[in-house]
Amino acid sequence: MYAVPELKPCHSFSRIAVLTSGGDAPGMNAAVRAVVRTAIARGIDCFGVHRGYSGLVDGDIRPMTSRSVKNIIQRGGTILKSDRCLEFKEQAIRWQAYETLTEMGIEALVVIGGDGSLAGARLFAKETGMPVIGLPGTIDNDIPASDDTIGFDTAVNTALDAIDRIRDTADSHGRVFLVEVMGRNSGHIASEVGIAGGADFVVLPETEVRSDTFQELSTERTRFEEKSALIIVAEGENEQRIHQIAGDLKQQGHEPRICILGHTQRGGSPTGHDRVLASGMGAIAVEFLLAGYGCHMVGVRSGAFFACPLDEIHLAHPESAAEQSFDSLWRLLK
Ligand SMILES: Nc1ncnc2c1ncn2[C@@H]1O[C@H](COP(=O)(O)OP(=O)(O)OP(=O)(O)O)[C@@H](O)[C@H]1O
Ligand SMILES: O=P(O)(O)OC[C@H]1O[C@](O)(CO)[C@@H](O)[C@@H]1O
Ligand SMILES: [Mg+2]
């Protein structure tokens, strides 16, 4: 359970809206449910914006009730649908969205999404003055100010489930498997899956792969007569990277196989961890609005929720230095 900050309500709202944006993440539904139910408990009407910022621009905004969020806490994806709305990067379009909301009497917005969605939320709040609270909802866990994001834990466990299966066949055939996991430019899924899956190597986006990088693999395989190996490759920017590594391994006499887990990692029922995180963040988002916050994200640090200014979501805190902990842990486990 998370520690909740003490908040004094000093604002009132009649109507607020909630949306999900960017790649969907397991737990987004739990967060929507919590926003809607907390708003209703506080006497506020809550509206759901469909298809992220696209729905704000088109006015695809519908009233929500306690019943409309029944039976969704366990469902992956997002009942509000999501989108990558490139035109929201234009100021004129953001003003159009603001007018749509004010015409409907909506006074504040809750945005559930990744770093891009929160960048849009920040601009929208600053330019229009409408109070906006963001929730970090992305499998990538690439929001440095928060220790955790909604969907990350589920994605790690989904990837692990697949990796454990791959191990069985890798072991039976004595093969080297390269498994690519998602995460865009962040290596959080790769590093957690690497540790939890007992991988032989983890190639993070920032890892420099040289011709002798996997030399150790060949030596160990000969020495221990252990033929199978598991290499986790973070998605990164270069789609060809995993194929290049496979090519290098072939030249060194291995017979590598590639498995790209892709969007399987985005779907599925959220873990208990993500349901609790999302429920807490959704409820606190409404409480933050009532306490007068208006350009903030609900972050979690050392087990406590806190209000992080949207200006500062890219700033890491020393206790969240995940990359450093990965390096030192990895060295001990090898
Ligand atoms: N700089 C920006 N200004 C305004 N809006 C933005 C900006 N960056 C992103 N957005 C909006 O947020 C949407 C989602 O952003 P993005 O595609 O980066 O995904 P995300 O929210 O980071 O989630 P994920 O990385 O998990 O898919 C964009 O399609 C756009 O509508
Ligand atoms: O579903 P799309 O638009 O191809 O996006 C894929 C990207 O979205 C994420 O799943 C979430 O940001 C990334 O890990 C991945 O790079
Ligand atoms: Mg992102």
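If you check an unreviewed UniProt entry, the chain appears there as ATP-dependent 6-phosphofructokinase from Oceanospirillum sediminis. What UniProt states about the chain under its Pathway (unreviewed entry) heading is, verbatim, "Carbohydrate degradation; glycolysis; D-glyceraldehyde 3-phosphate and glycerone phosphate from D-glucose: step 3/4." Within the UniProt record for the chain, the comment given under Catalytic activity (unreviewed entry) is "beta-D-fructose 6-phosphate + ATP = beta-D-fructose 1,6-bisphosphate + ADP + H(+)".

Enquirer: Looking at this model, I keep getting lost on the pattern of salt bridges. Mind explaining?
Expert: In a structure, side chains of opposite charge can pair up when their charged atoms sit close to one another. Summed over the entire model, instances satisfying the criterion amount to 13 salt bridges. Here Arg 266 makes a salt bridge to Asp 24, at a shortest N to O gap of 2.9 Å. Taken together, the residues span a long stretch of sequence, with Arg 266 in the loop between strand E9 (257-260) and helix H9 (272-290) and Asp 24 in the loop between strand E1 (15-20) and helix H1 (28-41) at a distance of 242 residues. A salt bridge links Glu 287 to Arg 42; the shortest N-O distance between them is 2.5 Å. Highlighted residues: Glu 287 in helix H9 and Arg 42 in the loop between H1 and strand E2 (45-49), separated in sequence by 245 residues. Residue Glu 287 is classed as partly exposed on the basis of its relative accessible area, which comes to 21%.

Enquirer: How do you make sense of the state of the cysteines when you look at a structure like this?
Expert: What makes a disulfide is a covalent bond joining the sulfur atoms belonging to two cysteines. Summed over all chains, the structure comprises zero disulfides. Not part of a disulfide, Cys 85 finds its nearest cysteine sulfur in Cys 295, a span of 19 Å. With a relative accessible area of 13%, Cys 85 lands in the buried category.

Enquirer: How should the site of ligand 1 be read in this particular structure?
Expert: Near ligand 1 you find 18 residues, and of these Arg 84, Cys 85, Asp 115, Ser 117 and Thr 138 are the closest. A distance of 2.6 Å is found between an oxygen atom of ligand 1 and a side-chain nitrogen or oxygen belonging to Asp 115. One of the side-chain N or O atoms of Ser 117 is found 2.5 Å from an oxygen atom in ligand 1. When ligand 1 is considered free in solution it has 620 Å² of accessible area, and contact with the protein chains removes 85% of it. Considering each element in turn, the shell around ligand 1 owes the most residues, five residues, to helix H4 (residues 115-128). Considering only residue class, the shell around ligand 1 consists of four nonpolar, eight polar and six charged.

Enquirer: How should I be thinking about the site of ligand 2 in this particular structure?
Expert: All residues adjacent to ligand 2 are Arg 84, Ile 139, Asp 140, Met 182, Gly 183, Arg 184, Glu 235, His 263 and Arg 266. A distance of 3.4 Å is found between an oxygen atom of ligand 2 and a side-chain nitrogen or oxygen belonging to Arg 184. Summarising the interface, the protein chains cover 75% of the accessible area of ligand 2, which totals 390 Å² for the free molecule. Of the residues contributing to the shell around ligand 2, the split by class is two nonpolar, two polar and five charged.

Definitions and cut-offs
- Residues numbered from 1 in each chain as written.
- Chains lettered and ligands numbered in written order.
- Predicted model: local features only at pLDDT ≥ 70, side-chain atom pairs only at ≥ 80, totals over all residues.
- Heavy atoms only, no water.
- UniProt positions renumbered as here; feature names shortened; annotations may be inferred.
- Salt bridge = Lys/Arg side-chain N within 4 Å of Asp/Glu carboxyl O.
- Helix = DSSP H or I, 4+ residues; strand = E, 2+ residues; numbered from the N terminus.
- Buried < 20%, exposed > 50% of the residue type's maximum accessible area, 1.4 Å probe, protein only.
- Disulfide = S-S within 2.5 Å.
- Near = heavy atom within 4 Å.
- Polar contact = N/O pair within 3.5 Å; in protein donor to acceptor, adjacent residues only side chain to side chain.
- Areas by Shrake-Rupley, 256 points an atom, 1.4 Å probe, with all protein chains shown as cover.
- Nonpolar A, V, L, I, M, F, W, Y, C, P; charged D, E, K, R; others polar.

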